Every structure is written in C-alpha cells, then in structure tokens.
Amino acid sequence: LTLFQGLRYFKQNRVFEQIIINSKLDLDRAVERTKNQILERCFAIWKVQLKIEQQNKIINNLKAFKERQTELVTEGRLSSIDTLGTAINIKTQTIALINLKQQLSYETINLNYFLELPLIQETKLEPYKPTLAKFELTLDEYFQVEDLKNKLIILELENKVEKTQFVPSVSFYGNVGTG
C-alpha cells in the first residue's frame, strides 16, 4: 500500500482536467468551423439566386425584343434573318439559366449536408437582408491561442508530475505468513 508518493496522483489529476478543457476547446473549434462553412454555403446560394433572377430578366427582355423584331418583320421593315441572332441568344441564355439552377441545387445539397438534413430535401433560404438576426463567429486565431495556452499549462503540469519521481515515497508492505 503506497502511503505517500509526492502528490503524484493530485498533479496527474490536474493534467487530466486540463486535457478535458483542451478537448472542449477543440469541440468549440469544430462547431465554429461548421458555422463558417454553413455561412459560406448560404452566401453561395444567395449569389446563385441573384444570378438566376438576373438571368430570368435577361431572357424576358430578349423575348420582348424578339416580339418587337417579329412585328417589324411582319411589317416588312426588318429581315427575318436578323431575328435568328436573337433566337440563338435566347437559347444560349436559357442554357446558362439551366446551369445556374444546377449550381443552386448543388449548393443546396452542400448546405443540407452541413445542416444534417436529407441531401435531396428542398431547402429554401430567405433572401439576404443585412437586418437579419446577428450571427456571431469566433475567429480561428482565438482557438489557436487558447490551444497554445492549454498546451503550455499541460506541459507545466506534466513536468510537475515527472518531478514527483524524485520525491521519496512511503509505502507499507505487509506479508501474511501461514505458519
């Protein structure tokens, strides 16, 4: 039975407590990293939504222009070959719109992954408004500094635990004889 071992167990207990604090900090860092990735996905979705709106306006304007051109063709003021360029441009813009919709679905799948939702689920985001609720993020540098502080504390405590080897220990050994 060890009676005294230079307070080794108490010091080792403090090391383990500090390691637990460091693990909680790593967990907080992972949560913040996920928040950042979710925000990046939201911004990407908002950008694509704006591009889709712009693309729809472009297509609508081109269709209105083509209608005017067809009126001019029927009046004889314009050649029908001139409308061909507009028709090709409308089809090109429609293909670009389809590509943007595919990009939107890809970004939505990424967002659903980070939110742990079914990947194919239709997720709708409200349009971006700067007056939305505040969302605070902690910079990664904060976690790096805290991690270095905790590692320094752990090293100091481990050094104290190692020093207990040089402190004399008192043990009680007992033997039971059978005769």
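Residues numbered from 1 in each chain as written. Predicted model: local features only at pLDDT ≥ 70, side-chain atom pairs only at ≥ 80, totals over all residues. Heavy atoms only, no water.

Quick word on helix α3 (residues 140-163)
Turn by turn, an α-helix covers 3.6 residues, leaving residues three or four places apart pointing in a common direction.
Moving on, step 1. With 24 residues, α3 should reach 34 Å at 1.5 Å per residue; the first-to-last C-alpha distance of 35 Å fits that figure.
Moving on, step 2. Of the surrounding secondary structure, the elements contacted by the buried residues of α3 are α1 (8-75). (Helix = DSSP H or I, 4+ residues; strand = E, 2+ residues; numbered from the N terminus. Expected span 1.5 Å × (residues − 1). Contact = heavy atoms within 4.5 Å.)

Focus: the side chain of D147
Moving on, step 1. Within the secondary structure, D147 sits in helix α3.
Moving on, step 2. Look at D147 and you get buried, because its relative accessible area is 12%.
Moving on, step 3. Residues within four places of D147 in sequence aside, it is in contact with N22, L25, D26 and R29. (Buried < 20%, exposed > 50% of the residue type's maximum accessible area, 1.4 Å probe, protein only.)

Quick word on the packing of α1 against helix α2 (residues 82-114)
Moving on, step 1. In contact at an axis separation of 9 Å, α1 and α2 are set at 165° when each is read in the N-to-C sense. One way to sum up the angle between α1 and α2 is to call them roughly antiparallel. Of the two possible hands of crossing, α1 and α2 adopt the one that is left-handed. (Axes fitted to C-alpha atoms, helices over the stretch in contact; angles between N-to-C directions. Parallel < 35°, antiparallel > 145°, perpendicular 65-115°, else oblique. Left-handed = near helix turned anticlockwise from the far one by under 90°.)

Section: the environment of S80
Moving on, step 1. Summarising the element assignment, S80 is placed in the loop between α1 and α2.
Moving on, step 2. S80 sits 11 residues away from Q69 along the chain, and the two C-alpha atoms are 8.4 Å apart.

Here's the deal with the pattern of salt bridges
Moving on, step 1. For the coordinates displayed, the defined rule picks out five salt bridges.
Moving on, step 2. A salt bridge links R41 to E107, with the shortest nitrogen-to-oxygen separation between them at 3.4 Å. Placement of R41 in helix α1 and of E107 in helix α2 is noted, with a sequence separation of 66 residues between them.
Moving on, step 3. The salt bridge involving E146 is made with K149; its shortest N-O contact spans 3.5 Å. Within this pair, E146 and its partner K149 are both found in helix α3, separated by three residues, close to a single helical turn.
Moving on, step 4. We classify K149 as partly exposed; its relative accessible area is 44%. (Salt bridge = Lys/Arg side-chain N within 4 Å of Asp/Glu carboxyl O.)

Bear in mind that shape data such as this cannot, by itself, settle questions of function.
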